[in-house]
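Fold and contact review
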Amino acid sequence: MKQTADLNELKDFAMMMKDNKVKGKIFVNQANYNLEEPLLSDENTAGRQPLQIFRIVIQTGQESIYYEYLFNEATDLEEINLQLEEVYTYFEKEIVSVEYMNKLVR
């Protein structure tokens, strides 16, 4: 499985599969990102949104790609989903649990 940190690369992969009429499925997971220990432990972190992770796997019969994005503002997630709207309309989308996503990524 290929991994990317670039949303445009993920979209390019999806559009290439679409252009080649390759069917597949998108697996999506959004969850709290658990750090082993806090980065900062003072009053500067009070009232902040928890760090979240958004993960996508596009799986086809030919190839798969994995993308993850860390965020703490809901607007960031909305922006990514808007950019992926065309991708979501081509591939079947399934929201999965953290455990299921971990199995896919391994």
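The structure reproduced in this document is the subject of the present report. Given the structure is predicted, the values throughout are model-derived calculations rather than measurements. (Residues numbered from 1 in each chain as written. Predicted model: local features only at pLDDT ≥ 70, side-chain atom pairs only at ≥ 80, totals over all residues. Heavy atoms only, no water.)

1. Looking at the nonpolar core
Short version of the rule: Here, the term nonpolar core denotes a set of buried Ala, Val, Leu, Ile, Met, Phe, Trp, Tyr and Cys residues that are joined through side-chain atoms within 4.5 Å. We call a residue buried when its accessible area falls under 20% of the maximum for its residue type, exposed when it is over 50%, and partly exposed in between, using a 1.4 Å probe and counting protein chains only. Here a strand is any run of E in DSSP of at least two residues, a helix any run of H or I of at least four, and the numbering for each starts at the N terminus. What makes two residues a contact is simply this: any of their non-hydrogen atoms within 4.5 Å.
Judged by nonpolar contacts, the single largest core of 22 residues is most densely connected at Phe54, Ile56, Ile58 and Leu84. Counting residues per element, the ones that place at least two in this core are helix H1 (7-19), strand E2 (24-32), strand E3 (52-60), strand E4 (64-71), helix H2 (74-83) and helix H3 (85-90). By residue number, the principal contributor to this core is H1, which donates 6 residues. For Ile56, the residues in contact, after removing those within four places along its chain, are Leu10, Ile26, Phe27, Val28, Ile65, Tyr66, Tyr67, Leu84, Tyr88 and Met101. Counting 6 residues, the second largest nonpolar core, distinct from the first, contains Phe27, Tyr66, Met101 and Leu104.

2. What about the packing of aromatic side chains?
Put simply, the test is: Note on aromatic contacts: the rings of Phe and Tyr and the six-membered ring of Trp form a pair at centre separations within 6.5 Å, being stacked when their planes are under 30 degrees apart, edge-to-face when over 60 apart, and tilted otherwise.
Per the counting criterion, the structure on display carries 3 aromatic pairs. With 5.9 Å between their ring centres and 45° between their planes, Phe27 and Tyr100 make a pair best called tilted. Of this pair, Phe27 sits in strand E2 while Tyr100 sits in helix H4 (residues 98-105); the two residues are 73 residues apart in sequence, bridging distant segments of the chain. Pairing Tyr69 with Phe71 gives two aromatic rings, centres 6.2 Å apart and planes at 10°, and the pair type is stacked. Judged by its relative accessible area of 27%, Tyr69 falls in the partly exposed class.

3. Overview of the pattern of salt bridges
Which entries qualify depends on this criterion: Salt bridges are defined as contacts in which a side-chain nitrogen from Lys or Arg sits within 4 Å of a carboxyl oxygen from Asp or Glu.
Evaluation of the coordinates by the stated rule reveals 4 salt bridges. The closest approach of N and O atoms between Lys2 and Glu9, which form a salt bridge, is 3.0 Å. Among the residues examined, Lys2 registers a relative accessible area of 37% and is labelled partly exposed. Connected via shared salt-bridge partners are Lys25, Glu92 and Glu94.

4. Some thoughts on unusual backbone geometry
Even without being glycine, Lys21 reaches a positive phi, approximately 60°. Relative to the assigned elements, Lys21 resides in the loop between H1 and E2. Judged by relative accessible area, which is 67%, Lys21 ranks as exposed.

5. So, the side chain of Ser64
By the secondary structure assignment, Ser64 is in strand E4. Judged by its relative accessible area of 13%, Ser64 is buried. With residues near it in sequence (within four places) discarded, Ser64 still touches Met1, Lys2, Phe13, Ile58 and Gln59.

6. Some remarks on the pairing of E3
Selection rule: When DSSP finds two or more bridges between two strands, those strands count as paired.
Burial analysis of E3 places 8 of its 9 residues in the buried class, which makes it a mostly covered element. Across 8 bridges, E3 lies against E4 in antiparallel orientation. Opposite Ile53, over in E4, you have Leu70 as the bridge partner.

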